[in-house]
There are 2 protein chains.
Amino acid sequence: MAKDFVKEITNMDEDFARWYTDVVTKADLIDYSSVRGSMIIRPYGYSLWENIKNELDFRIKETSHENVYMPLFIPESLLQKEKDHIEGFAPEVAWVTHGGSEELVERLCVRPTSEVLFCEHYKNIIHSYRDLPKLYNQWSNVVRWEKTTRPFLRTLEFLWQEGHTCHATDEEAHEETTKMLEVYADVLENVLAIPVLKGQKTEKEKFAGAKFTYTVESLMHDGKALQSATSHHLGDGFAKAFGIQFSDQTGELQYVHQTSWGFTTRVIGAMIMVHGDNRGLIIPPRVAPTQVMIVPIAQHKEGVLDFAYHLKATLSKIARVGIDASDKKPGWKFNEHEMKGIPLRLEVGPKDIENKQVVLVRRDTGEKTFVPMAELETKLPQMLEDIQQNLYERARELREQKTTVATNMDEFKGNLESNPGFIKAMWCGDKDCEDQIKGQTSATSRCIPFEQEKVSSNCVCCGKEAEKLVYWAKAY
Amino acid sequence: MAKDFVKEITNMDEDFARWYTDVVTKADLIDYSSVRGSMIIRPYGYSLWENIKNELDFRIKETSHENVYMPLFIPESLLQKEKDHIEGFAPEVAWVTHGGSEELVERLCVRPTSEVLFCEHYKNIIHSYRDLPKLYNQWSNVVRWEKTTRPFLRTLEFLWQEGHTCHATDEEAHEETTKMLEVYADVLENVLAIPVLKGQKTEKEKFAGAKFTYTVESLMHDGKALQSATSHHLGDGFAKAFGIQFSDQTGELQYVHQTSWGFTTRVIGAMIMVHGDNRGLIIPPRVAPTQVMIVPIAQHKEGVLDFAYHLKATLSKIARVGIDASDKKPGWKFNEHEMKGIPLRLEVGPKDIENKQVVLVRRDTGEKTFVPMAELETKLPQMLEDIQQNLYERARELREQKTTVATNMDEFKGNLESNPGFIKAMWCGDKDCEDQIKGQTSATSRCIPFEQEKVSSNCVCCGKEAEKLVYWAKAY
């Protein structure tokens, strides 16, 4: 029975892309619609996003940021104020040209990101050093006109938060950029159990309009990298384009220094591709909509269902507990909840009730444990914690296995072939080399890691002397 | 000092519309941008919305609904599937015609509401009676191309939740329509302290595509009504247009019966216009971002600030407490926090510390009470509760004062002139009379209240025999 069900999803080692699509649909995370490149986030997927969002929102507020809401539309002239920014985004925006039956005098773009709206507002409300810093954040939808799309990873519309801050000095803005990258790393590592690599994007890969971009990169099961969140130091470029000035303590006019940082529904894709297996999703307990699913065994026998519901009521105080009392067969239920990645299954039948015990089955290892009823309220949270830690450790080990060193292009290509993943290689800093590497291998520079090592003395591409270690990978 | 500050907002009895605009901007709820008809919801306004949203979201989940997320864009052909619906919405939608530099083959409308997207999805996922009911909700932004806009009340884009449900029978859908109207009434009355009138919209005023629409109507300080939330019984019209069918327990194919219901940022406008006064906003304690603002008196004196911060730490366990330790003068602070409608001000100075007491000043009544420190943790929540109740009672009394009866059009017009508000009058049920009343007075039918009375025997307009009591008013 289990076998039949498992057949329904493609084996991840045979076709990872199809495995992914199978999982997001069969685990009821998303559905497609007639809107090209967009997705419907179904209750299970949305509840997962709500849990992730709550964890991040809490940290954003703890670090003194305030939530606001900006308009969805941006007049074309406003978008054009910062040159690099418009150049970067123009090819991928959706344009509103008509309202009702009237043609608009000026086209409106559907926000791909909201820098320019925040800038316009900041110009209005910032006058003195007393008004600084301004630490704003927005939870919203944004639209980018992508040609090729995949659920969560790249969609025409996605959900995210975008932070936008103004500071009196460049140093303060730099500190903020770092701080928010750390907040992202915290959520990814400690909530989503995804180990991340922290570093700086190259000039080529940085955000359009930024001074520099920090990134947290993670590695998927198939050896491809995924940019999981970014934090940009905007310098005073936008401030100059928009005239955002304040009078400092000496009364002199100064431009503000800005940052922006974003975290999107994309991380759900990362979570799937880091933890999932051939039975489906595996959701880390800290964000799992249901942490424990109770499956009554021989539920038609007297007392079993009552007991199961009683257990649910008791355990709901310490965990998010579901119960599957449907008339499906237990084996079918097991498979369904495994597909959905529920961290723990609790089985309880007539014999267990007699023996005052239950069976706990871990999704990550398949391990089965008989737990005496009296110990359940202690053991269950411990086991959830163990699963959380194990998922992180497993992902970290996989990343290590898939991280290699290359000192020349032959090694680089060989590694990509034999053991796709992160390639650590020195880089001279020249954009030509970056382009060549991409051209020859389709790997891109993921980041210049904060923790630098010297794996050789020469650029992996041109062979010139090189000081910078870069992580390279094919990426989503 | 207080006077100077108060001058800044228009007197509400002189020009209510300007008073409103003054309040929403001076209390830092919103700001304007270069996006016509849209608003920026500033931190104070957004935090208010978050509190309201949390209260409603909790109730939506408590009644077994699940949150989902649908695409922002709707292909034109999909919008056109239900005839009444497209007729109602076409004049007020924004159209996306270009993606990047390409013209689209089919225009996309920016969702004004999401019935058609839900219907398309429901068709995919509903097959059997076992799949019913489906109780979905979405929190999102929507766009309606309005000509004349006012912050919160009518904006090009607004935030809302939209519930969309499918049921096996018409009765169940009817029950759902009623249940969600009661949820809205609960949030409005018990959270926002806004008394509501519950009833049914006339055919003319019902939602485009609905079988009937239920509404909760409230009355503003200036005697104008505001539709505060609506709940629609959609019947099986959409189901037939979209082919949403299920096989019932006998194996026969049946169409589902649907509902939809919405609640928007508009209620913030209602809250302002029901409770506000000439000193600014008054926010009901249950949704106030800050419930108590501590203002230290003579804060330069030793121990005052320490004591104030200590108080804040202690009281934060039982209420949302702020502290204003800025270098502004106390009078200025008083005015600012009154403008922002913070329910309670707590003053504490050297003498109070000596006497082991603080001063509590109510925003709603201006009443000043000396409270011994030992009683503070009991008194403070009581006082917040008193304010909540008093705001509701005050609003209810005002509504009663402004609710009159008319038996003919002369009385109708006279009442509107002398005491604008709700007019209770009988109606024959004829759309012509409804149109005439609107034409002659600009008052519209607000609803056919669930609690019917017979205030006369004849239609207020045509004089024919009439059975239905209708509430009429000029409305926002």
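Position numbers for residues start from 1 in each chain and track the written sequence from start to end. Whichever chain is written first becomes A and whichever ligand is written first becomes 1, with later ones labelled in order. Totals for whole chains, interfaces and linings use every residue, but because this is a predicted model, local features are given only for residues with pLDDT of at least 70 and side-chain atom pairs only at 80 or more, for both listing and counting. The side-chain numbers reported here are obtained from all heavy atoms of the structure, hydrogens and water having been left aside.

- As recorded in an unreviewed UniProt entry, chain A goes by Proline--tRNA ligase and comes from Robertmurraya mangrovi.
- Note on chain A: under the UniProt heading Sequence similarities (unreviewed entry), the record states "Belongs to the class-II aminoacyl-tRNA synthetase family. ProS type 3 subfamily." UniProt positions are given in the numbering used here, feature names are shortened, and annotations may be inferred rather than shown by experiment.

## What to know about the overall build of chain A
Here's step 1: By definition, any uninterrupted DSSP run of H or I lasting at least four residues is a helix, any uninterrupted run of E lasting at least two residues is a strand, and each is numbered from the N terminus. On a plain count of helices and strands, chain A comes out with 15 helices and 23 strands.
Here's step 2: For the radius of gyration, the atoms used are the C-alpha atoms, and the globule rule reads 2.2 Å times the number of residues raised to 0.38. In terms of overall size, chain A behaves like a compact globule, its C-alpha atoms giving a radius of gyration of 25 Å where 476 residues would be expected to give roughly 23 Å.
Here's step 3: Projected onto its principal axes, the C-alpha coordinates of chain A cover approximately 80 × 55 × 50 Å.
Here's step 4: Classification of the 476 residues of chain A by burial places 59% in the buried group.
Here's step 5: The contact rule is simple, with two residues in contact once any of their heavy atoms fall within 4.5 Å. Sequence-distant contacts, at least 24 apart, represent 69% of the contacts inside chain A between residues at least 6 apart.
Here's step 6: For chain A, the exposed area adds up to about 19,000 Å²; of that, 46% sits on carbon and sulfur atoms.
Here's step 7: Only four residue types enter the tally: Lys and Arg on the positive side, Asp and Glu on the negative side; His and the chain ends are excluded. A charged residue contributes its charge at one atom only: NZ of Lys, CZ of Arg, CG of Asp or CD of Glu. The distance from the centre of the 59 positive side-chain charges to the centre of the 72 negative ones in chain A is 4 Å. Summary of the burial criterion: residues with accessible area below 20% of their type's maximum are buried, those above 50% are exposed, and those between are partly exposed, where the area comes from a 1.4 Å probe applied to protein chains only. Computed with the Shrake-Rupley method and a 1.4 Å probe, the accessible areas treat only the protein chains shown as cover for residues.

## Quick notes on the relation of the copies chain A and chain B
Here's step 1: The transformation that overlays chain A on chain B combines an axial shift of 0.0 Å with a rotation of 180°, and the residual RMSD is 0.0 Å. Look at the turn and shift together and you get a two-fold axis relating the two. Considering only C-alpha atoms, the part of chain A nearest the rotation axis is A:Val96, at 2.1 Å.
Here's step 2: The residues that chain A uses at the interface reappear at the interface of chain B in 100% of cases, marking a shared surface. Copies overlap after least-squares fitting; the atoms used are the C-alpha atoms of residues with pLDDT of at least 70 in both.

## Details of the domain arrangement of chain A
Here's step 1: Domain borders in the structure are assigned automatically or taken from a domain database. Domain assignment breaks chain A into domain 1 (2–275), domain 2 (290–383) and domain 3 (403–473).
Here's step 2: Centre-to-centre separation of domain 2 of chain A and domain 3 of chain A, based on C-alpha positions: 49 Å.

## Topic: the environment of B:Ser101
Residues and elements named next belong to chain B.
Here's step 1: Within the secondary structure, Ser 101 sits in the loop between strand 5 (94–99) and strand 6 (102–110).
Here's step 2: Taking the relative accessible area as the measure of exposure, Ser 101 reaches 74% and is therefore exposed.
Here's step 3: Distance from Ser 101 to Ala 210, taken between C-alpha atoms, is 39 Å for residues 109 residues apart in sequence.

## A few points about the sheet that holds strand 17 (residues 344–348) of chain B
All names here are of chain B.
Here's step 1: We call two strands paired when DSSP finds no fewer than two bridges between them. Read from one edge of the open sheet, 5 strands run 16-15-17-18-19, paired in mixed fashion. If you trace the sheet from one side to the other, it starts and ends with strand 16 (321–323) and strand 19 (368–372), each paired once. Taken pair by pair, the neighbouring strands of this sheet meet at an average axis angle of 25°, ignoring direction.
Here's step 2: With 5 bridges joining them, strand 18 (residues 357–362) and strand 19 adopt antiparallel strand pairing. Opposite Val 358, over in strand 19, you have Val 371 as the bridge partner.
Here's step 3: Relative to strand 15 (residues 292–296), helix 11 (residues 330–339) is tilted by about 175°, and along the sheet it contacts strand 15 and strand 17. To get an axis, a line is fitted to the C-alpha atoms, and for a helix only the part in contact is used. The angle between two axes follows their N-to-C directions and goes from 0 to 180 degrees.

## Re the pairing of strand 9 (residues 197–200) of chain A
Residues and elements named next belong to chain A.
Here's step 1: Of the two faces of strand 9, only one is covered, namely that formed by Leu 197 and Gly 199; the face formed by Lys 198 and Gln 200 stays uncovered.
Here's step 2: In this sheet, strand 10 (residues 212–219) lies alongside strand 9 in antiparallel orientation, the contact comprising 4 bridges. Paired with Gln 200 across the bridge in strand 10 is Tyr 214.
Here's step 3: Bridge analysis of strand 9 against strand 22 (residues 444–449) gives 2 bridges, and the strand direction is antiparallel. Its bridge partner being in strand 22, Gln 200 is matched across the sheet by Ile 448.

## Structural notes on the interface of chain A and chain B
Interfaces are often sized by the accessible area lost when the parts come together.
Here's step 1: Contact with chain A, which involves 56 residues of that partner, is made by 56 residues of chain B.
Here's step 2: Note on terms: buried area is the combined drop in 1.4 Å-probe accessible area of two parts once they are placed together, counting the loss on both. Here chain A meets chain B over a buried area of about 4,400 Å², counting both sides, of which 57% is carbon and sulfur.
Here's step 3: Throughout this description, the term salt bridge denotes a Lys or Arg side-chain nitrogen within 4 Å of a carboxyl oxygen of Asp or Glu. Counting the contacts that link chain A with chain B gives 6 salt bridges.
Here's step 4: Distance and chemistry together define a polar contact, namely a pair of N or O atoms within 3.5 Å, with one atom able to donate a hydrogen and the other to accept it when in protein, and with adjacent residues in sequence counting only for side-chain atoms on both sides. Taken together, the connections running from chain A to chain B amount to 30 residue pairs in polar contact (both at pLDDT 80 or more).
Here's step 5: Polarity classes work like this: nonpolar for Ala, Val, Leu, Ile, Met, Phe, Trp, Tyr, Cys and Pro, charged for Asp, Glu, Lys and Arg, and polar for all others, with Gly in that last group. For the side of chain A that touches chain B, the per-class residue count stands at 30 nonpolar, 11 polar and 15 charged.
Here's step 6: Bridge analysis of strand 5 (residues 94–99) of chain A against strand 5 of chain B gives 5 bridges, and the strand direction is antiparallel. Residue pairing for strand 5 of chain B: A:Gly99 is matched across the bridge by B:Ala94.

## Examining the UniProt feature "domain: Aminoacyl-transfer RNA synthetases class-II family profile" (unreviewed entry) in chain A
Here's step 1: When the UniProt feature table is mapped onto this chain numbering, "domain: Aminoacyl-transfer RNA synthetases class-II family profile" (unreviewed entry) sits at residues 36–284 of chain A.
Here's step 2: For the annotated span residues 36–284 of chain A, helix accounts for 32% and strand for 32% of the residues, and the straight-line distance between the end C-alpha atoms is 31 Å.

## Considering the packing of aromatic side chains
The relation between two aromatic rings is expressed through the spacing of the ring centres and the mutual angle of the planes.
Here's step 1: Stacked, tilted and edge-to-face are the three classes assigned to paired rings of Phe, Tyr and Trp, where Trp is represented by its six-membered ring and a pair needs centres within 6.5 Å; plane angles under 30 degrees give stacked, over 60 edge-to-face, the rest tilted. According to the stated counting rule, one finds 26 aromatic pairs over all chains in the structure shown.
Here's step 2: Seen from their ring centres, B:Phe158 and B:Trp160 are 5.8 Å apart, and the 85° between their planes marks the pair as edge-to-face. No difference in accessibility class separates B:Phe158 from B:Trp160, as the two residues are buried.
Here's step 3: An aromatic cluster is present here, built from A:Phe118, A:Tyr122 and A:Tyr136 joined pairwise through their rings.
Here's step 4: Criterion for a charge above a ring: Arg CZ or Lys NZ at most 6 Å from the ring centre, at most 35 degrees from the ring normal. The ring centre of A:Tyr476 lies 4.7 Å from the NZ or CZ of A:Lys224, which sits over that ring.
Here's step 5: In this arrangement the basic side chain of B:Arg345 is found over the ring face of B:Phe334, its NZ or CZ atom lying 3.7 Å from the centre.

## So, the side chain of B:Thr290
Here's step 1: Within the secondary structure, B:Thr290 is located in the loop between helix 9 (266–275) and strand 15.
Here's step 2: In contact with B:Thr290, not counting residues within four places along its chain, are B:Arg320, B:Val321, B:Gly322, B:Ile342 and B:Pro343.

## Quick look at helix 3 (residues 43–62) of chain B
Here's step 1: Here, expected helix span is obtained from the residue count minus one, scaled by 1.5 Å. Counted at 1.5 Å a residue, the expected span for helix 3 of chain B with its 20 residues is 28 Å, and the 28 Å between its end C-alpha atoms agrees.
Here's step 2: Immediately beyond the C-terminal end of helix 3 of chain B, within one or two residues, lies B:Ser64, with a positive phi of roughly 70°.

## Let's talk about the packing of helix 3 of chain B against helix 9 of chain B
All names here are of chain B.
Here's step 1: In the contact formed by helix 3 and helix 9, the axes pass within 10 Å of each other and the chain directions differ by 105°. With respect to their mutual orientation, helix 3 and helix 9 come out roughly perpendicular. Across the interface between the two elements, Gly 45, Leu 48, Trp 49 and Ile 52 of helix 3 pack against Val 267, Ile 268 and Met 271 of helix 9.
Here's step 2: In the contact of helix 3 with helix 9, the residues fall into 6 nonpolar, 1 polar and no charged. For classification purposes, an angle smaller than 35 degrees is called roughly parallel, one larger than 145 roughly antiparallel, one from 65 to 115 roughly perpendicular, and anything else oblique.

## Remarks on the environment of A:Leu219
All names here are of chain A.
Here's step 1: Following the sequence through the fold, Leu 219 ends up in strand 10.
Here's step 2: Between the alpha carbons of Leu 219 and Lys 474 there is a distance of 9.9 Å; along the sequence they are 255 residues apart.
Here's step 3: Beyond its immediate stretch of four places on either side in the chain, Leu 219 contacts Lys 224, Ala 225, Val 274, Arg 399, Lys 402, Gly 421 and Phe 422.

## Re helix 6 (residues 115–125) of chain B
Here's step 1: Across the 11 residues of helix 6 of chain B, 9 count as buried, placing the element largely inside the fold.
Here's step 2: Buried within helix 6 of chain B are the following residues: B:Glu115, B:Val116, B:Leu117, B:Phe118, B:Cys119, B:Glu120, B:His121, B:Tyr122 and B:Ile125.

## Remarks on the side chain of B:Glu347
Here's step 1: Along the chain, B:Glu347 turns up in strand 17.
Here's step 2: Excluding its chain neighbours within four sequence positions, the residues that come into contact with B:Glu347 are B:Val295, B:Ile297, B:Phe334, B:Asp352, B:Val358, B:Val359, B:Val361 and B:Lys368.

## Description of the pairing of strand 6 (residues 102–110) of chain A
Residue and element names in this part refer to chain A.
Here's step 1: Pairing of strand 4 (residues 73–75) with strand 6 involves 3 bridges; the strand directions are antiparallel. Counted as the bridge partner of Pro 75 is Leu 108 from strand 6.
Here's step 2: In this sheet, strand 6 lies alongside strand 5 in antiparallel orientation, the contact comprising 4 bridges. Bridged to His 98 within strand 6 is Glu 103.
Here's step 3: Where strand 5 hands over to strand 6, the hairpin turn is made up of 2 residues, of which Gly 100 adopts a positive phi near 60°.

## Section: the sheet that holds strand 7 (residues 134–143) of chain A
Residue and element names in this part refer to chain A.
Here's step 1: Spatial ordering of the open sheet is given by 3-7-8-14-11-10-9-22-23-21-20, a layout of 11 strands whose pairing is mixed. Edge positions in the sheet fall to strand 3 (66–67) and strand 20 (403–405), since each has one partner strand and no second.
Here's step 2: Across the sheet, helix 3 (residues 43–62) touches strand 3, strand 7, strand 8 (157–167) and strand 14 (257–264), and the angle it forms with strand 7 is around 160°.
Here's step 3: Helix 7 (residues 170–191) contacts strand 7, strand 8, strand 9, strand 10, strand 11 (225–235) and strand 14 of the sheet and is inclined by roughly 10° relative to strand 14.

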